[in-house]
Amino acid sequence: MARSGQRIKSTTNGNSAYVNVVDECDSMPEPVRAQTARTTGSPQTEPGADSPSRKERFPSEEGSAAAARGKAMARGDSCLTRVAVGVGVGGAVGGAVGAVYGTYGAIRYRIPGLLKIRHIGQATVGSAALFGLFLGAGSLIQCGKNY
């Protein structure tokens, strides 16, 4: 285990670099420790070891949808957008649950003919509205919290 202020050699994918240890992370598993390691200044590479740039190592990442999504999340969404997404997701989940519950109720209570369709529709719309309302309200409450 390296101590703060100590200089260590880090090798990844055949590329070596010397870095200064800033923080000690004894309680984290190895993958998390590697992600949270910080270096001071620019790493000094070992003589003879050339390190390719990120674009050379990951050419498909440059214009991908994942990169665009990451940039959108980095700048943050507005509260209205989060509430609208919450209402939409709640409505979708509520609609699915309502359709299943409405179908079960129509079969169980032996609702005749085309009234089954009306019963299933009422259950679907009512459940979607209720789920959407509560998930939207929860998103609105979460907008003001910073973790």
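Provided above is the structure to which this section pertains.
The structure reproduced in this document is the subject of the present report. (Residues numbered from 1 in each chain as written. Predicted model: local features only at pLDDT ≥ 70, side-chain atom pairs only at ≥ 80, totals over all residues. Heavy atoms only, no water.)

Scanning the chain from N- to C-terminus turns up five helices and three strands. Counting the 147 residues in the chain, one finds 16% classified as buried. Of all intrachain contacts in the chain linking residues separated by at least 6 positions in sequence, the fraction that spans at least 24 positions is 49%. Here the chain displays about 11,200 Å² of accessible surface, and carbon together with sulfur accounts for 60% of that area. (Helix = DSSP H or I, 4+ residues; strand = E, 2+ residues; numbered from the N terminus. Buried < 20%, exposed > 50% of the residue type's maximum accessible area, 1.4 Å probe, protein only. Contact = heavy atoms within 4.5 Å. Areas by Shrake-Rupley, 256 points an atom, 1.4 Å probe, with all protein chains shown as cover.)

Taking 1.5 Å as the rise per residue, helix H5 (residues 115-143) with 29 residues should run 42 Å; its terminal C-alpha atoms sit 42 Å apart, in good agreement. Along H5, the residues classified as buried are Ala123, Ser127, Ala128, Gly132, Gly136, Ser139 and Cys143. Of the surrounding elements, those touching the buried residues of H5 are helix H4 (79-108). (Expected span 1.5 Å × (residues − 1).)

To continue, consider H4. Within an α-helix, residues lying three or four positions from one another point in the same direction, as the helix has 3.6 residues per turn. Between its terminal C-alpha atoms H4 stretches 42 Å, which fits the 44 Å expected from 30 residues at 1.5 Å a residue. For H4, the full list of buried residues reads Val83, Gly86, Gly90, Gly94, Gly95, Gly98, Gly102, Gly105 and Ala106. On its buried face, H4 sits against H5. At the exit of H4 stands arginine 110, carrying a positive phi of roughly 50°.

Direction of pairing for strand E1 (residues 7-12) relative to strand E2 (residues 15-20): antiparallel, over a ladder of six bridges. Opposite threonine 12, over in E2, you have asparagine 15 as the bridge partner. Hairpin connection between E1 and E2: a loop of two residues separates the two successive antiparallel strands, and asparagine 13 in this loop has a positive phi of roughly 50°. (Pairing = 2+ DSSP bridges.)

Next up on the list: the packing of H4 against H5. Their axes nearest at 5 Å, the elements H4 and H5 cross at an angle of 150°. Accordingly, the angle class assigned to the pair H4 and H5 is roughly antiparallel. The two elements H4 and H5 cross, and the hand of that crossing is right-handed. The class makeup of the residues in the contact of H4 with H5 is 15 nonpolar, 15 polar and two charged. (Axes fitted to C-alpha atoms, helices over the stretch in contact; angles between N-to-C directions. Parallel < 35°, antiparallel > 145°, perpendicular 65-115°, else oblique. Left-handed = near helix turned anticlockwise from the far one by under 90°. Nonpolar A, V, L, I, M, F, W, Y, C, P; charged D, E, K, R; others polar.)

On to the environment of glycine 144, then. Topologically, glycine 144 is positioned in the segment after H5. Glycine 144 sits in the exposed class, given a relative accessible area of 63%. Taking the C-alpha atoms as reference points, glycine 144 and cysteine 79, 65 residues apart in sequence, are found 8.4 Å from one another.

With that settled, the discussion passes to a nonpolar patch on the surface. A cluster of nonpolar side chains, contributed by Val85, Val89, Val93, Val97, Leu130, Phe131, Leu133, Phe134 and Leu135, occupies part of the molecular surface with about 800 Å² of accessible area. Looking at the nonpolar patch, the elements with two or more residues in it are H4 and H5. Counting residues per element, the nonpolar patch draws most heavily on H5, at five residues. Tracing the sequence through the fold places leucine 133 in helix H5. (Patch = residues over 30% accessible without salt bridge, like charges linked within 9 Å, V, L, I, M, F, W, Y side chains within 5 Å. Salt bridge = Lys/Arg side-chain N within 4 Å of Asp/Glu carboxyl O.)

We now examine the side chain of serine 139. With respect to the element layout, serine 139 can be found in helix H5. Looking at serine 139, the relative accessible area reads 18%, which means it is buried. Every residue in contact with serine 139, bar those within four places of it in the chain, is listed here: Arg82, Val83 and Gly86.

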